[in-house]
Amino acid sequence: MSTLLAHRVSLLVTMDSQRREIQDGAIFARDGFIEQVGRSDELPQEADVILDLTGHILLPGLINTHHHFYQTLTRAIPSAQDANLFNWLKTLYPIWARIKPDDIYISTQTALVELALSGCTTAADHLYLFPNGSRLDDEIEAARLVGLRLHASRGSMSLGESQGGLPPDSVVDSEESILADSQRLIEQYHDPKPGAMVRIVLAPCSPFSVTGELMRESALLARQYGVHLHTHLAETQDEETFCLEKFGQRPVAYMQSLDWVGSDVWFAHSVHVNSEEIDLYARTGCGVAHCPTSNMRLASGIAPLLQYRRSGVRVGLGVDGSASNDSSHMLAEARQAMLLARLRAGLQGASLSGEGAPPLLTARQALELATLGGAAVLGRSDIGSLEPGKCADFFAVDLNRLDYAGALHDPLAAVVFCAPQKVDVSVVHGKIIVQDGQMQTVDVPRLVERHNLSARRLLYQLA
Ligand SMILES: [Zn+2]
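Remarks on the pairing of strand β2 (residues 21-30)
On a regular strand, one side chain projects to one face of the sheet and the next to the other, so that they alternate.
Phase 1: Relative to β2, strand β1 (residues 3-13) is paired through eight bridges, and the arrangement is antiparallel. Paired with leucine 12 across the bridge in β2 is isoleucine 22.
Phase 2: Here β2 runs beside strand β3 (residues 33-39); their pairing, made up of six bridges, is antiparallel. Paired with arginine 30 across the bridge in β3 is phenylalanine 33.
Phase 3: Here β2 folds back onto β3, and the loop between the two strands holds two residues, one of which, aspartate 31, carries a positive phi near 50 degrees.

A closer look at helix α3 (residues 136-146)
Phase 1: Within α3, eight of the eleven residues are buried, which leaves the element mostly enclosed by the surrounding structure.
Phase 2: Three or more residues of α3 are buried, namely Leu136, Asp137, Asp138, Glu139, Ile140, Ala142, Ala143 and Val146.
Phase 3: Following α3 by one or two positions, glycine 147 has its phi on the positive side, about 105 degrees.

Re unusual backbone geometry
Phase 1: In this structure, arginine 8 takes a positive phi of about 55 degrees despite not being glycine.
Phase 2: Under the relative-accessibility criterion, arginine 8 is labelled partly exposed at 40%.
Phase 3: With phi around 55 degrees, asparagine 132 is a residue other than glycine that occupies positive phi space.
Phase 4: Summarising the element assignment, asparagine 132 is placed in the loop between β7 (120-127) and α3.

Examining the packing of aromatic side chains
Phase 1: With the rule as written, the count across this model stands at eleven aromatic pairs.
Phase 2: A centroid spacing of 5.8 Å and a plane angle of 75 degrees characterise the contact between tryptophan 88 and tryptophan 96, whose relative ring orientation is edge-to-face.
Phase 3: On the accessibility criterion, tryptophan 88 (4% relative accessible area) is buried.
Phase 4: Tryptophan 96 sits in the buried class, given a relative accessible area of 0%.
Phase 5: Centre to centre, the rings of tyrosine 93 and tryptophan 96 are 6.1 Å apart; their planes meet at 80 degrees, and the pair counts as edge-to-face. One end of the pair is tyrosine 93 and the other is tryptophan 96, both in helix α1 (residues 85-96) and three residues apart, which spans about a single turn.

Here's the deal with the pairing of strand β12 (residues 287-290)
Phase 1: Side chains of β12 alternate between two faces, with Gly287 and Ala289 and Val288 and His290 buried alike.
Phase 2: Pairing geometry for strand β11 (residues 265-269) and β12, over three bridges, is parallel. Directly across from phenylalanine 267, in β12, lies its bridge partner valine 288.
Phase 3: In terms of handedness, the path from β11 via helix α8 (residues 275-284) over to β12 forms a crossover that is right-handed.
Phase 4: Relative to strand β13 (residues 314-317), β12 is paired through four bridges, and the arrangement is parallel. Residue pairing across strands places histidine 290 opposite leucine 317, the latter belonging to β13.

Thoughts on the nonpolar core
Phase 1: Membership of the largest hydrophobic core comes to 122 residues, with the highest contact counts inside it found for Trp88, Trp96 and Tyr281.
Phase 2: For tryptophan 88, the contacting residues outside a window of four places in its chain are Gln71, Ala80, Ala83, Trp96, Arg297, Leu298, Ala323 and Ser324.
Phase 3: By size, the runner-up hydrophobic cluster in this structure holds 19 residues, among which are Leu12, Ile34, Leu53 and Ala392.

As for the packing of helix α2 (residues 101-117) against helix α14 (residues 444-459)
Phase 1: Running from N to C, α2 and α14 point in directions that differ by 130 degrees, and their axes come no closer than 10 Å. On the basis of their axis angle, the class for α2 and α14 is oblique. Note on packing geometry: the crossing formed by α2 with α14 is left-handed. Contact with α2, carried on its side by Asp102, Asp103, Ile106, Ser107, Gln109, Thr110 and Val113, involves Val444, Leu447, Arg450, His451, Ser454, Arg457 and Leu458 of α14 and no other residues of that element.
Phase 2: Considered class by class, the residues forming the contact of α2 with α14 number five nonpolar, five polar and four charged.

Section: the coordination of the zinc ion
Phase 1: The coordination sphere of the zinc ion contains the protein donors His66 (NE2), His68 (NE2), His232 (NE2) and Asp320 (OD), at a distance range of 2.1 to 2.4 Å.
Phase 2: Coordination at the zinc ion is irregular, judged from the four donor atoms that bind it and the angles of 87 to 173 degrees they form at the metal.
Phase 3: Each donor residue of the zinc ion lies on one chain, and together they are spaced H-x1-H-x163-H-x87-D.
Phase 4: For histidine 66, a relative accessible area of 1% corresponds to the buried category.
Phase 5: The class for histidine 68 is buried, based on a relative accessible area of 2%.

Details of the state of the cysteines
Phase 1: Tallied over the entire structure, the rule returns zero disulfides.
Phase 2: For cysteine 286, which is in no disulfide, the shortest distance to another cysteine sulfur is to cysteine 243 and amounts to 15 Å.
Phase 3: Residue classification places cysteine 286 among the buried residues on the basis of a relative accessible area of 0%.
Phase 4: Here cysteine 391 is not disulfide-linked; the sulfur of cysteine 120 is the nearest cysteine sulfur, at 14 Å.

A closer look at a nonpolar patch on the surface
Phase 1: Together, Leu459, Tyr460 and Leu462 line one region of the surface with nonpolar side chains, adding up to about 280 Å² of accessible area.
Phase 2: Relative to the helices and strands, leucine 459 resides in helix α14.

Focus: the side chain of arginine 199
Phase 1: Within the secondary structure layout, arginine 199 lies in strand β9 (residues 198-204).
Phase 2: Aspartate 382 provides the closest opposite charge to the buried, salt-bridge-free arginine 199, at an N-O distance of 4.8 Å.
Phase 3: A polar contact is formed between the side chain of arginine 199 and the backbone oxygen of proline 192, at a distance of 2.9 Å.
Phase 4: Apart from residues lying up to four places away in sequence, arginine 199 is in contact with Leu150, His151, Ala152, His190, Asp191, Pro192, Lys193, Pro194, Gly379 and Arg380.

Rules and cut-offs
- Residues numbered from 1 in each chain as written.
- Predicted model: local features only at pLDDT ≥ 70, side-chain atom pairs only at ≥ 80, totals over all residues.
- Heavy atoms only, no water.
- Pairing = 2+ DSSP bridges.
- Helix = DSSP H or I, 4+ residues; strand = E, 2+ residues; numbered from the N terminus.
- Buried < 20%, exposed > 50% of the residue type's maximum accessible area, 1.4 Å probe, protein only.
- Phe/Tyr/Trp six-rings, centres within 6.5 Å; stacked < 30°, edge-to-face > 60°.
- Right-handed = clockwise from strand over helix to strand, strands pointing away.
- Core = buried A, V, L, I, M, F, W, Y, C linked by side-chain atoms within 4.5 Å.
- Contact = heavy atoms within 4.5 Å.
- Axes fitted to C-alpha atoms, helices over the stretch in contact; angles between N-to-C directions.
- Parallel < 35°, antiparallel > 145°, perpendicular 65-115°, else oblique.
- Left-handed = near helix turned anticlockwise from the far one by under 90°.
- Nonpolar A, V, L, I, M, F, W, Y, C, P; charged D, E, K, R; others polar.
- Donors = N, O, S within 2.8 Å, 3.2 Å for Na, K, Ca; no water.
- Tetrahedral: all angles 85-135°; square planar, octahedral: opposite > 155°, others 65-115°.
- Disulfide = S-S within 2.5 Å.
- Patch = residues over 30% accessible without salt bridge, like charges linked within 9 Å, V, L, I, M, F, W, Y side chains within 5 Å.
- Areas by Shrake-Rupley, 256 points an atom, 1.4 Å probe, with all protein chains shown as cover.
- Salt bridge = Lys/Arg side-chain N within 4 Å of Asp/Glu carboxyl O.
- Lys, Arg positive; Asp, Glu negative; His and termini not counted.
- Polar contact = N/O pair within 3.5 Å; in protein donor to acceptor, adjacent residues only side chain to side chain.

Encoded structure:
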């Protein structure tokens, strides 16, 4: 039995059903789960570990619903800097084909350290290529070391160029081996219990890189074991054209025909959807990982975030892979989501004060997407808010900093409106991962050195 007390918090943001924001707040947790939340003077004063968070804001850990950790090895590649999705992919596939197991292990650590330092405590990753003996196990092992919760998506690509797909044949695998490995991973790692540190997800990569048959078989396997399904969908206009030409259907209708709708399914992006498709998501419970930075970086478009929220669609935030965001910063993503939703509202003719104008996404709503929204998308009721019974996953930021100067009348808004910061404290399942702004589980300078060696080898085809 081990207890943790975080107290004297200047502002504790619960995200509970009343959205309580508690001044001089405290959290008391035992064995990774929260027992009490309230004012410091109402809670126990003793615990095995005590964090005095005077002068800090404390929030529920952020939840990242879409990423490709390995892409931290290929950020800002010159030939992929100024390309849209399909050209960007075609440029990067041959570089990614050189990835080895150790690259997966190192890049997972890099991405998770970045995420942890930006407030994230749970991350979903989508690994869909396994060159040179790489396995999802390499990623799971690295996540255990860093200490974040992981939804490890067993991705796949089976439709090579010679079969009419987008990826080169060298990076696709046989559907038989994909399904066998998917089953192995579920049986070995998937933990359905509350407080789970690892869950497995089945995630064929996209309509243009796998066959409909693999989508169908993956859905059957996932439902047999009660694991969730994830893929990229309706990301670009090119994808829509591809689906119409190849399958005679729009992307969402295509997925519906493959039995890929339901509360166990979430899609990354879903930028190019119409009102009927949004209604379908709401009716069937499909979730969306909204990735505003990536959508801007690749000029994919602006997802209808406010319409999703109005229709009751579950929406979370995703930083997406680091080759189309070049960062794994969850607070930055919340800020981008807020700003991009406002831009879309503006482009649709809403004036800031006009009668009947659609409301603008607020800082609190952006943080709601990054916490409760992400938990809903991943199908978890044990994370996303700070309440008794939930996991002790939270982060804190010292408010006394240059970047927040002049904004302390509303510290919660400062966290989203002001420049995205690195956190000072992060706790996952009651364990301190970041303290005084320093990672407690990983030697970061050594990691950066190893990561840069790997990245150089991939780019310059070194042995
Ligand atoms: Zn992606």
